[in-house]
Amino acid sequence: MNSTAFHNADILLPKDTDMHKWSVIACDQYTSEPEYWQEVSSIVGDSPSTLSLILPELYLEQNGVEQRISAIHSSMEKYLTDGIFTEHKDAMIYVERTQSNGILRQGIVGAIDLEKYDFSKGSASEVRATEATVIERIPPRIKVRQGAPLELPHIMILIDDPDKTVIEPIAGEISDADKLYDFDLMQNGGSIKGYLLGSKVQESIDKALCALADPEAFREKYGLEDTPVLLYAMGDGNHSLATAKEFYEQLKKANPDKDLSNHPARYALAEIVNLHSPALQFEAIHRIVTDVNVTELLTDLSEKLALSSESGVQKITIVENGIHRDTYINKPLSKLAVGSLQAALDEILSDIGGRIDYIHGTEVVDALSKKENSLGFILPDMAKSELFPTVIADGALPRKTFSMGHAEDKRFYIEARRITE
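This text gives an overview of the structure that appears in the document. What you are looking at is a predicted structure, and each value in this text was computed from that prediction instead of being measured.

### Concerning the pairing of strand 5 (residues 104-113)
Okay, step 1: A large share of strand 5 lies buried, amounting to 9 of its 10 residues.
Okay, step 2: Pairing of strand 1 (residues 6-7) with strand 5 involves 2 bridges; the strand directions are antiparallel. Bridging from a neighbouring strand, Phe 6 pairs with Ile 112 of strand 5.
Okay, step 3: As paired strands, strand 4 (residues 93-98) and strand 5 are joined by 6 bridges and run antiparallel to one another. Of the residues in strand 5, the one forming a bridge with Thr 98 is Leu 104.
Okay, step 4: Joining the antiparallel neighbours strand 4 and strand 5 is a turn of 5 residues, in which Gly 102 adopts a positive phi near 90 degrees.
Okay, step 5: Across 6 bridges, strand 5 lies against strand 13 (residues 267-274) in antiparallel orientation. Paired with Val 109 across the bridge in strand 13 is Glu 271.

This is the structure we're talking about:
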């Protein structure tokens with residue numbers, strides 16, 4: 001058992017609790033919409049809730065964040081002292097999430113071994129980041145984890161399982177007797193069910209994951225030679241997993257003579273989901289460059305990427321004053337158009353100035369491109385089938401390469417786990 005980075009874990013779930021109020025959306029959502037979080041607070045009231053155990057990133061840069069973190073730690077200790085949790089030892093939980101659009105997303109909650117995860121550039125670890133990790137985003141998040149007895153996951157990790165051998169068969173192995181929760185999520189989040197998985201099903205999961213991780217099968221699948229296996233690619237919660245990793249590494253450095261191989265901080269609770277789930281839809285994130293000399297930018301881009309108007313390796317759409325112009329990259333800097341464009345923009349803007357914003361929706365790009373000294377770029381949607389091959393070839397993708405689903409469909413906090421001895 002536990003031959004790959006995904007393990008069972010001692011998972012905590014609340015008992016005799018209103019689960020609708022207990023479960024709230026991932027902390028990195030609605031960061032520009034304080035009214036969303038105010039409504040969450042109104043719904044929860046004084047009831048036990050994960051809202052008391054997480055720090056919405058809306059508040060991360062605001063005054064009083066230290067007091068918020070202290071209150072989180074106190075709430076964790078209180079919930080443990082009050083005995084509101086039931087601990088399920090050596091557990092995996094099969095999850096069925098019905099999204100706001102009615103589509104079912106299946107997953108398995110367990111623990112990721114942080115020894116098998118490396119978010120650094122050029123990583124060849126079994127668990128890898130799919131987008132560049134912004135190191136500056138980690139320290140403030142470590143403050144939440146330091147001194148916290150519990151972790152709660154909004155991390156979603158993808159496996160590339162087109163034959164649906166790992167997660168999908170579980171639906172035929174469970175019954176109502178295994179059900180741990182079944183409730184509606186707040187704020188248009190859909191609904192969710194969770195089932196406790198026995199040792200026999202866990203063994204089947206591990207066996208199927210090991211088959212995906214077989215080096216020979218992996219290389220044949222992607223047409224590669226002598227390439228380290230990538231089994232788990234980050235979907236959501238990239239910086240949360242990076243924070244858990246950095247916290248664990250700091251713990252090891254602070255205790256050089258101590259064996260921490262079995263310390264609970266070595267692991268991070270997460271949900272694995274099949275990349276091929278019909279519930280997962282990748283959408284492009286577009287760019288708008290402002291405060292820039294548009295002519296100079298276009299000249300530099302054309303030279304760096306060998307742009308043409310007729311044909312090429314990769315296609316982008318340049319938007320100037322609301323007018324679209326299909327353009328082709330003949331000298332790509334990445335396997336993806338977004339990677340080529342981002343690399344070129346980063347280099348050019350460091351010389352000539354300007355600012356990049358990341359935009360959902362082409363109509364927003366059109367509107368913003370009409371402002372003075374602004375230029376928009378509409379990017380093609382990334383096919384799900386491109387994710388693993390691109391991360392294998394290029395490493396972590398450029399920041400803001402794609403969006404995976406709408407905000408209300410992101411992971412909600414439900415499960416918890418102890419991370420202190």
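Here the narrative resumes.
### Observations regarding the side chain of Asp 161
Okay, step 1: Relative to the assigned elements, Asp 161 resides in the loop between strand 9 (156-159) and strand 10 (179-184).
Okay, step 2: Polar side-chain contacts of Asp 161 include one of 2.9 Å to the backbone nitrogen of Val 166.
Okay, step 3: Ignoring sequence-local partners within four residues, the contact set of Asp 161 consists of Val 166, Glu 168, Leu 212, Asn 274 and His 276.

### Some remarks on helix 2 (residues 34-44)
Okay, step 1: Within the sequence span of helix 2, burial applies to Tyr 36, Trp 37, Val 40 and Val 44. The buried side chains of helix 2 occupy one side of the element, clustering within an arc of 90 degrees when seen end-on. Residues Gln 38 and Ser 42 are exposed on helix 2 and point more than 90 degrees away from its buried face.
Okay, step 2: Buried residues belonging to helix 2 abut helix 1 (19-22).
Okay, step 3: Directly after helix 2, the chain includes Gly 45, whose backbone phi takes a positive value near 60 degrees.

### Remarks on the nonpolar core
Okay, step 1: Among the nonpolar cores identified, the biggest contains 83 residues, and Ile 108, Tyr 232, Leu 297, Leu 301, Phe 377 and Leu 387 are the most heavily contacted of them.
Okay, step 2: Once residues lying within four places of it in the same chain are set aside, the contact partners of Tyr 232 are Thr 4, Ala 5, Phe 6, Glu 126, Val 127, Arg 128, Ile 157, Leu 158, Ile 159, Leu 209 and Ile 272.
Okay, step 3: Val 44, Leu 51, Leu 55 and Leu 269 belong to the second-largest nonpolar core, a separate cluster that totals 50 residues.

Calculation rules
- Residues numbered from 1 in each chain as written.
- Predicted model: local features only at pLDDT ≥ 70, side-chain atom pairs only at ≥ 80, totals over all residues.
- Heavy atoms only, no water.
- Buried < 20%, exposed > 50% of the residue type's maximum accessible area, 1.4 Å probe, protein only.
- Helix = DSSP H or I, 4+ residues; strand = E, 2+ residues; numbered from the N terminus.
- Pairing = 2+ DSSP bridges.
- Polar contact = N/O pair within 3.5 Å; in protein donor to acceptor, adjacent residues only side chain to side chain.
- Contact = heavy atoms within 4.5 Å.
- Arc of directions from axis to C-beta.
- Core = buried A, V, L, I, M, F, W, Y, C linked by side-chain atoms within 4.5 Å.

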